[in-house]
Amino acid sequence: MKEQIKTLVALQKIEAERTQIQTHLQGISMHLEELNKQISEKQSLIECENDAIAEKRKTCGSLEQDLKNNQALILRSQERLKSVKTNREYQALLKEIEELKNLNTKFEDDMLALLNEIETGETLISTAAEDMQNLSQTLETEKKSVQKETDSHESRLRKLDGERDRFSMQADPSLLKLFNRVRSVHNRGNAVVPAVDSICNGCNVNIPPQMYNELQRCQSVKLCPNCQRIIYWLPS
Ligand SMILES: [Zn+2]
(Lines give C-alpha, C1' and ligand atoms only; values in the text may rest on other atoms or scores of the structure.)
Protein backbone atom coordinates (compact mmCIF):
# COMPACT_ATOMS: atom_id res chain seq x y z
CA MET A 1 0.00 0.00 0.00
CA LYS A 2 2.87 2.30 0.86
CA GLU A 3 4.28 1.86 -2.64
CA GLN A 4 0.89 2.55 -4.18
CA ILE A 5 0.56 5.78 -2.22
CA LYS A 6 4.07 6.77 -3.32
CA THR A 7 3.08 6.14 -6.91
CA LEU A 8 -0.03 8.31 -6.54
CA VAL A 9 1.94 11.10 -4.89
CA ALA A 10 4.43 11.00 -7.77
CA LEU A 11 1.58 10.99 -10.26
CA GLN A 12 0.00 13.93 -8.47
CA LYS A 13 3.23 15.89 -8.67
CA ILE A 14 3.44 15.20 -12.40
CA GLU A 15 -0.19 16.22 -12.91
CA ALA A 16 0.36 19.41 -10.95
CA GLU A 17 3.32 20.37 -13.12
CA ARG A 18 1.38 19.51 -16.26
CA THR A 19 -1.52 21.69 -15.15
CA GLN A 20 0.84 24.52 -14.34
CA ILE A 21 2.54 24.33 -17.75
CA GLN A 22 -0.78 24.03 -19.56
CA THR A 23 -2.15 27.06 -17.73
CA HIS A 24 0.97 29.00 -18.60
CA LEU A 25 0.79 28.00 -22.28
CA GLN A 26 -2.89 28.88 -22.33
CA GLY A 27 -2.04 32.31 -20.96
CA ILE A 28 0.49 32.84 -23.74
CA SER A 29 -1.89 31.78 -26.46
CA MET A 30 -4.70 33.90 -25.01
CA HIS A 31 -2.41 36.90 -25.00
CA LEU A 32 -1.46 36.33 -28.66
CA GLU A 33 -5.12 35.82 -29.53
CA GLU A 34 -5.98 39.10 -27.84
CA LEU A 35 -3.39 40.90 -29.98
CA ASN A 36 -4.79 39.24 -33.09
CA LYS A 37 -8.27 40.34 -32.09
CA GLN A 38 -7.13 43.93 -31.66
CA ILE A 39 -5.51 43.83 -35.10
CA SER A 40 -8.69 42.61 -36.76
CA GLU A 41 -10.69 45.23 -34.93
CA LYS A 42 -8.46 47.94 -36.39
CA GLN A 43 -8.75 46.28 -39.79
CA SER A 44 -12.54 46.33 -39.74
CA LEU A 45 -12.56 49.90 -38.47
CA ILE A 46 -10.48 50.90 -41.48
CA GLU A 47 -12.73 48.99 -43.89
CA CYS A 48 -15.84 50.47 -42.35
CA GLU A 49 -14.47 54.02 -42.49
CA ASN A 50 -13.31 53.53 -46.08
CA ASP A 51 -16.82 52.51 -47.08
CA ALA A 52 -18.28 55.54 -45.29
CA ILE A 53 -15.83 57.87 -47.05
CA ALA A 54 -16.67 56.38 -50.46
CA GLU A 55 -20.35 56.95 -49.76
CA LYS A 56 -19.71 60.56 -48.71
CA ARG A 57 -17.63 61.25 -51.82
CA LYS A 58 -20.50 59.95 -53.91
CA THR A 59 -22.96 62.27 -52.17
CA CYS A 60 -20.52 65.15 -52.57
CA GLY A 61 -20.25 64.44 -56.29
CA SER A 62 -23.99 64.49 -56.81
CA LEU A 63 -24.33 67.71 -54.77
CA GLU A 64 -21.68 69.27 -56.99
CA GLN A 65 -23.66 68.24 -60.04
CA ASP A 66 -26.87 69.74 -58.58
CA LEU A 67 -24.98 72.92 -57.82
CA LYS A 68 -23.77 73.21 -61.42
CA ASN A 69 -27.26 72.56 -62.76
CA ASN A 70 -28.66 75.28 -60.52
CA GLN A 71 -25.98 77.70 -61.62
CA ALA A 72 -26.97 77.09 -65.23
CA LEU A 73 -30.62 77.71 -64.30
CA ILE A 74 -29.68 80.92 -62.52
CA LEU A 75 -27.75 82.17 -65.59
CA ARG A 76 -30.66 81.36 -67.84
CA SER A 77 -33.12 83.18 -65.58
CA GLN A 78 -30.81 86.16 -65.37
CA GLU A 79 -30.75 86.28 -69.18
CA ARG A 80 -34.51 86.14 -69.25
CA LEU A 81 -34.69 89.11 -66.86
CA LYS A 82 -33.51 91.32 -69.69
CA SER A 83 -36.43 90.48 -71.89
CA VAL A 84 -39.40 90.31 -69.54
CA LYS A 85 -42.33 92.52 -70.25
CA THR A 86 -44.23 92.82 -67.00
CA ASN A 87 -43.25 93.65 -63.47
CA ARG A 88 -45.03 90.54 -62.22
CA GLU A 89 -42.91 88.34 -64.49
CA TYR A 90 -39.82 90.21 -63.37
CA GLN A 91 -40.62 89.68 -59.67
CA ALA A 92 -41.34 86.01 -60.27
CA LEU A 93 -37.99 85.51 -61.99
CA LEU A 94 -36.16 87.32 -59.21
CA LYS A 95 -37.86 85.07 -56.69
CA GLU A 96 -36.87 81.97 -58.66
CA ILE A 97 -33.25 83.14 -58.82
CA GLU A 98 -33.26 83.87 -55.11
CA GLU A 99 -34.59 80.40 -54.31
CA LEU A 100 -31.98 78.72 -56.51
CA LYS A 101 -29.23 80.72 -54.87
CA ASN A 102 -30.49 79.73 -51.41
CA LEU A 103 -30.56 76.14 -52.48
CA ASN A 104 -27.00 76.38 -53.72
CA THR A 105 -25.85 77.89 -50.45
CA LYS A 106 -27.36 74.90 -48.70
CA PHE A 107 -25.65 72.52 -51.14
CA GLU A 108 -22.32 74.24 -50.51
CA ASP A 109 -22.78 73.96 -46.74
CA ASP A 110 -23.65 70.29 -47.05
CA MET A 111 -20.59 69.67 -49.24
CA LEU A 112 -18.35 71.47 -46.80
CA ALA A 113 -19.70 69.42 -43.91
CA LEU A 114 -19.14 66.22 -45.90
CA LEU A 115 -15.58 67.25 -46.82
CA ASN A 116 -14.89 67.86 -43.13
CA GLU A 117 -16.27 64.44 -42.26
CA ILE A 118 -14.13 62.86 -44.97
CA GLU A 119 -11.07 64.57 -43.56
CA THR A 120 -11.87 63.33 -40.04
CA GLY A 121 -12.41 59.84 -41.43
CA GLU A 122 -9.08 59.91 -43.22
CA THR A 123 -7.30 60.93 -40.02
CA LEU A 124 -9.07 58.11 -38.22
CA ILE A 125 -7.94 55.65 -40.89
CA SER A 126 -4.35 56.74 -40.77
CA THR A 127 -4.28 56.48 -36.96
CA ALA A 128 -5.88 53.05 -37.10
CA ALA A 129 -3.41 51.95 -39.77
CA GLU A 130 -0.53 53.08 -37.61
CA ASP A 131 -1.98 51.29 -34.58
CA MET A 132 -2.47 48.20 -36.65
CA GLN A 133 1.12 48.23 -37.81
CA ASN A 134 2.38 48.66 -34.25
CA LEU A 135 0.17 45.85 -33.04
CA SER A 136 1.36 43.56 -35.84
CA GLN A 137 4.93 44.35 -34.96
CA THR A 138 4.29 43.64 -31.28
CA LEU A 139 2.61 40.38 -32.22
CA GLU A 140 5.53 39.27 -34.36
CA THR A 141 8.07 40.19 -31.70
CA GLU A 142 6.12 38.44 -28.98
CA LYS A 143 5.56 35.38 -31.11
CA LYS A 144 9.29 35.09 -31.64
CA SER A 145 10.11 35.69 -28.01
CA VAL A 146 7.65 33.13 -26.66
CA GLN A 147 8.47 30.54 -29.30
CA LYS A 148 11.56 29.28 -27.47
CA GLU A 149 9.74 29.23 -24.16
CA THR A 150 6.75 27.46 -25.70
CA ASP A 151 8.97 24.86 -27.33
CA SER A 152 10.72 24.07 -24.08
CA HIS A 153 7.41 23.87 -22.20
CA GLU A 154 6.01 21.57 -24.83
CA SER A 155 8.96 19.24 -24.72
CA ARG A 156 8.67 19.19 -20.92
CA LEU A 157 4.97 18.35 -21.31
CA ARG A 158 5.80 15.42 -23.58
CA LYS A 159 8.30 14.16 -21.02
CA LEU A 160 5.71 14.49 -18.27
CA ASP A 161 3.16 12.64 -20.39
CA GLY A 162 5.60 9.76 -20.62
CA GLU A 163 6.18 9.79 -16.88
CA ARG A 164 2.48 9.97 -16.23
CA ASP A 165 1.91 6.89 -18.39
CA ARG A 166 4.69 5.05 -16.57
CA PHE A 167 3.31 5.83 -13.09
CA SER A 168 -0.24 5.17 -14.19
CA MET A 169 0.78 1.68 -15.20
CA GLN A 170 2.40 1.12 -11.83
CA ALA A 171 -0.70 2.21 -9.98
CA ASP A 172 -3.44 -0.21 -9.05
CA PRO A 173 -6.23 0.37 -11.61
CA SER A 174 -9.05 0.82 -9.09
CA LEU A 175 -6.90 3.10 -6.99
CA LEU A 176 -5.99 5.10 -10.08
CA LYS A 177 -9.66 5.44 -10.92
CA LEU A 178 -10.36 6.70 -7.40
CA PHE A 179 -7.41 9.08 -7.63
CA ASN A 180 -8.69 10.57 -10.89
CA ARG A 181 -12.20 10.89 -9.55
CA VAL A 182 -11.07 12.66 -6.36
CA ARG A 183 -8.79 14.87 -8.41
CA SER A 184 -11.59 15.98 -10.72
CA VAL A 185 -13.84 16.70 -7.72
CA HIS A 186 -11.07 18.90 -6.36
CA ASN A 187 -10.70 20.80 -9.60
CA ARG A 188 -7.48 19.08 -10.69
CA GLY A 189 -5.90 19.95 -7.35
CA ASN A 190 -4.41 17.59 -4.78
CA ALA A 191 -6.18 14.27 -4.42
CA VAL A 192 -3.67 12.50 -2.16
CA VAL A 193 -2.70 14.31 1.02
CA PRO A 194 -0.79 13.35 4.13
CA ALA A 195 -2.37 13.26 7.54
CA VAL A 196 -0.09 14.55 10.25
CA ASP A 197 -0.94 14.44 13.95
CA SER A 198 -4.48 13.30 13.19
CA ILE A 199 -5.09 16.24 10.88
CA CYS A 200 -5.84 15.98 7.17
CA ASN A 201 -3.50 18.28 5.29
CA GLY A 202 -6.07 18.77 2.57
CA CYS A 203 -8.74 20.41 4.71
CA ASN A 204 -7.09 20.76 8.15
CA VAL A 205 -9.85 18.86 9.86
CA ASN A 206 -9.29 16.17 12.50
CA ILE A 207 -9.43 12.55 11.45
CA PRO A 208 -11.34 10.24 13.86
CA PRO A 209 -8.87 8.37 16.15
CA GLN A 210 -9.82 4.90 14.98
CA MET A 211 -9.35 5.83 11.35
CA TYR A 212 -6.05 7.49 12.14
CA ASN A 213 -4.85 4.31 13.85
CA GLU A 214 -5.80 2.26 10.83
CA LEU A 215 -4.06 4.76 8.63
CA GLN A 216 -0.84 4.33 10.56
CA ARG A 217 -0.97 0.61 9.89
CA CYS A 218 -1.14 1.40 6.18
CA GLN A 219 -3.44 -1.50 5.44
CA SER A 220 -5.99 0.12 3.18
CA VAL A 221 -6.85 3.31 1.39
CA LYS A 222 -8.72 5.85 3.47
CA LEU A 223 -10.62 8.90 2.43
CA CYS A 224 -10.77 11.95 4.64
CA PRO A 225 -14.34 11.98 6.03
CA ASN A 226 -14.45 15.72 5.59
CA CYS A 227 -12.90 16.52 2.18
CA GLN A 228 -12.95 13.01 0.67
CA ARG A 229 -9.32 13.18 -0.39
CA ILE A 230 -7.15 10.08 -0.25
CA ILE A 231 -5.12 10.35 2.94
CA TYR A 232 -1.94 8.63 4.06
CA TRP A 233 -0.04 8.72 7.27
CA LEU A 234 3.03 10.89 7.52
CA PRO A 235 4.94 10.61 10.78
CA SER A 236 5.32 13.97 12.44
ZN1 LIG B 1 -9.57 16.34 4.46
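Student: Whenever I open this one, the overall build of the protein chain confuses me. Can you help?
Tutor: Within the protein chain, the regular secondary structure consists of 4 helices and 4 strands. The order of α-helices and β-strands along the protein chain, N terminus first, is α-α-α-β-β-α-β-β. Relative to the 2.2 N^0.38 estimate, which gives 18 Å for 236 residues, the radius of gyration of the protein chain is 40 Å and therefore markedly larger than a compact globule would have. Each principal axis of the C-alpha distribution contributes one length, and for the protein chain these read about 130 × 40 × 30 Å. Looking at the protein chain as a whole, 11% of its 236 residues are labelled buried. Considering only contacts in the protein chain between residues 6 or more positions apart, those separated by 24 or more positions represent 72%.

Student: Just checking my understanding: could you explain the sheet that holds strand E1 (residues 192–196) for this structure?
Tutor: Backbone hydrogen bonds are what pair the strands of a sheet, in a parallel or an antiparallel way. Read from one edge to the other, the open sheet built from 4 strands follows the order E2-E1-E4-E3, with strand pairing classed as mixed. The open sheet has two free edges, formed respectively by strand E2 (199–200) and strand E3 (222–223), since each of these has just one partner strand. Against the sheet, helix H1 (residues 2–81) makes contact with E1 and strand E4 (230–233), and its axis sits at roughly 120° relative to E1, the strand it touches most. Relative to E4, helix H4 (residues 209–217) is tilted by about 70°, and along the sheet it contacts E1, E3 and E4.

About the thresholds
- Residues numbered from 1 in each chain as written.
- Predicted model: local features only at pLDDT ≥ 70, side-chain atom pairs only at ≥ 80, totals over all residues.
- Helix = DSSP H or I, 4+ residues; strand = E, 2+ residues; numbered from the N terminus.
- Rg over C-alpha atoms; globule rule 2.2 N^0.38 Å.
- Buried ≥ 20, exposed ≤ 12 C-beta atoms within 10 Å, placed from the backbone.
- Contact = placed C-beta atoms within 7 Å.
- Pairing = 2+ DSSP bridges.
- Axes fitted to C-alpha atoms, helices over the stretch in contact; angles between N-to-C directions.

Take it as geometry only, folks, not as evidence of what the structure does.
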